[in-house]
Amino acid sequence: MIDAYTIVKFLSIAIISYLLGSLNFSIILSRSLTKKDIRESGSGNAGATNMLRTYGKKYAALTMLGDIFKVFIAVAIAFAILQVDFKYLFVFPRDAGEQTVLVFQKEFAGFFCLLGHIFPCFFKFKGGKGMAACTGMAIMVDWRIALILFIIFAAIVAISKMISLGSVTIAVLFPVLITCFYKNLFLTLIAVLFAVIVITAHRENIKRLIKGTENKISFKK
């Protein structure tokens, strides 16, 4: 049975992770650069892709790194609250049961960070589509899974020139890889929840993909 102290710990992790997720770096950077909110430019999305189209590669990269790093901080704080050894941020114990617990703890912090990213309390609950936050979470959960997803994403974007197609594809594949690596129904269900949230956030992109009208990026530019 879960005691009240443990519940308080996880509630604290949820709140802190959500607040960290609400620090949307595309909005912060765009306002500091031009006093203009990125949501008023381009596609209107508060994410790295819109930053790429509006402000260029440098600020898109800074946005992506910031949104990834906040997940790292969220997981690190979760480990501190739960008194988990920091060495397990990127390595795993041999015991399968302990691995499951660690992955759950990382996914728990990552989930609320994702919610903050998409629905930021600091920016009227209108944020990005969650790919950067999910990228950070995938790296923290298992760098091997993150590497596989990155390779697939890069290949799809290189061929199709559509970032949204790559994003939706790896969102679908994430729970599949979690299943392959950990063979745990509970962890898979959490991963499916991540995928559903990201795919829902990309619903307009999916409609355009079906119609064949989705925007493409130019590698030359």
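Residues numbered from 1 in each chain as written. Predicted model: local features only at pLDDT ≥ 70, side-chain atom pairs only at ≥ 80, totals over all residues. Heavy atoms only, no water.

## Brief notes about the packing of helix α2 (residues 25-34) against helix α4 (residues 57-82)
Okay, so step 1: Interhelical geometry of α2 versus α4 gives an angle of 140° and a closest axis separation of 8 Å. Taken together, the axis directions place α2 and α4 in an arrangement best described as oblique. Helix-helix and strand crossings are classified by hand; for α2 and α4 the assignment is right-handed. Taken together, the residues of α4 that come into contact with α2 (itself represented by Phe-25, Ser-26, Leu-29 and Leu-33) are Tyr-59, Leu-62, Thr-63, Gly-66, Asp-67 and Lys-70.
Okay, so step 2: Of the residues in the contact of α2 with α4, the class split is 5 nonpolar, 3 polar and 2 charged. (Axes fitted to C-alpha atoms, helices over the stretch in contact; angles between N-to-C directions. Helix = DSSP H or I, 4+ residues; strand = E, 2+ residues; numbered from the N terminus. Parallel < 35°, antiparallel > 145°, perpendicular 65-115°, else oblique. Left-handed = near helix turned anticlockwise from the far one by under 90°. Contact = heavy atoms within 4.5 Å. Nonpolar A, V, L, I, M, F, W, Y, C, P; charged D, E, K, R; others polar.)

## Quick look at unusual backbone geometry
Okay, so step 1: Positive phi outside glycine occurs at Lys-35, with the angle close to 65°.
Okay, so step 2: On the secondary structure map, Lys-35 appears in the loop between α2 and α3 (48-55).

## Thoughts on the environment of Leu-187
Okay, so step 1: By secondary structure assignment, the location of Leu-187 is in helix α9 (residues 185-201).
Okay, so step 2: Taking the C-alpha atoms as reference points, Leu-187 and Glu-107, separated by 80 residues in sequence, lie 8.4 Å from one another.
Okay, so step 3: In this view, Leu-187 contacts Thr-100, Val-103, Phe-104, Glu-107, Ile-178 and Tyr-182; residues no more than four positions away in its chain are not counted.

## Topic: the packing of aromatic side chains
Okay, so step 1: In this structure the tally under the stated criterion is 11 aromatic pairs.
Okay, so step 2: Measuring from centroid to centroid gives 5.4 Å for Phe-104 and Phe-186, while their planes differ by 40°, and the two rings are tilted. Pair noted here: Phe-104 is in helix α5 (residues 96-118) and Phe-186 is in helix α9, with a separation of 82 residues, a long-range link.
Okay, so step 3: Taken together, the ring pairs in this structure connect Phe-10, Phe-104, Phe-108, Phe-111, Phe-112, Phe-174, Phe-186 and Phe-194 into an aromatic cluster. (Phe/Tyr/Trp six-rings, centres within 6.5 Å; stacked < 30°, edge-to-face > 60°.)

## What about the pattern of salt bridges?
Pairing between side chains of opposite charge can happen when the charged atoms of each approach one another.
Okay, so step 1: All chains considered together, the criterion is met by 6 salt bridges.
Okay, so step 2: Among the salt bridges present, the one from Lys-70 reaches Asp-67, with a minimum N-O distance of 3.1 Å. With a gap of 3 residues between them, Lys-70 and Asp-67 both fall in helix α4, about one helical turn apart. There is no split in this pair, since Lys-70 and Asp-67 are both buried.
Okay, so step 3: Put simply, Arg-208 and Glu-214 hold a salt bridge, and the shortest N to O gap is 2.7 Å.
Okay, so step 4: Since its relative accessible area comes to 9%, Glu-214 is described here as buried.
Okay, so step 5: Salt bridges linked by common partners bring Arg-31, Asp-37 and Arg-39 together as one network. (Salt bridge = Lys/Arg side-chain N within 4 Å of Asp/Glu carboxyl O. Buried < 20%, exposed > 50% of the residue type's maximum accessible area, 1.4 Å probe, protein only.)

## Considerations on a nonpolar patch on the surface
Okay, so step 1: Residues Ile-15, Leu-19, Leu-23, Ile-28 and Phe-122 make up a contiguous nonpolar surface patch of roughly 410 Å² in combined accessible area.
Okay, so step 2: For Leu-23, a relative accessible area of 32% translates into the label partly exposed. (Patch = residues over 30% accessible without salt bridge, like charges linked within 9 Å, V, L, I, M, F, W, Y side chains within 5 Å. Areas by Shrake-Rupley, 256 points an atom, 1.4 Å probe, with all protein chains shown as cover.)

## A word on the layout of surface pockets
Okay, so step 1: Of the volumes computed, that of the second largest pocket is approximately 450 Å³.
Okay, so step 2: Lining the second largest pocket are 18 residues, and of these Asn-45, Gly-128, Lys-129, Ala-201 and Arg-203 sit closest to its centre.
Okay, so step 3: Elements supplying a minimum of two residues to the lining of the second largest pocket: α9 and α10 (203-211).
Okay, so step 4: The element contributing the most residues to the lining of the second largest pocket is α10, with 4 residues.
Okay, so step 5: When grouped by side-chain class, the residues that make up the lining of the second largest pocket number 5 nonpolar, 8 polar and 5 charged. (1 Å grid on protein atoms, 1.4 Å probe; cavity = no way out; pocket = protein on both sides within 12 Å on 5 of 7 lines; lining within 4 Å. Points joined across faces, edges and corners; volume = space filled by probe spheres on them.)

Everything listed here is a matter of geometry and, on its own, says nothing about what the molecule does.
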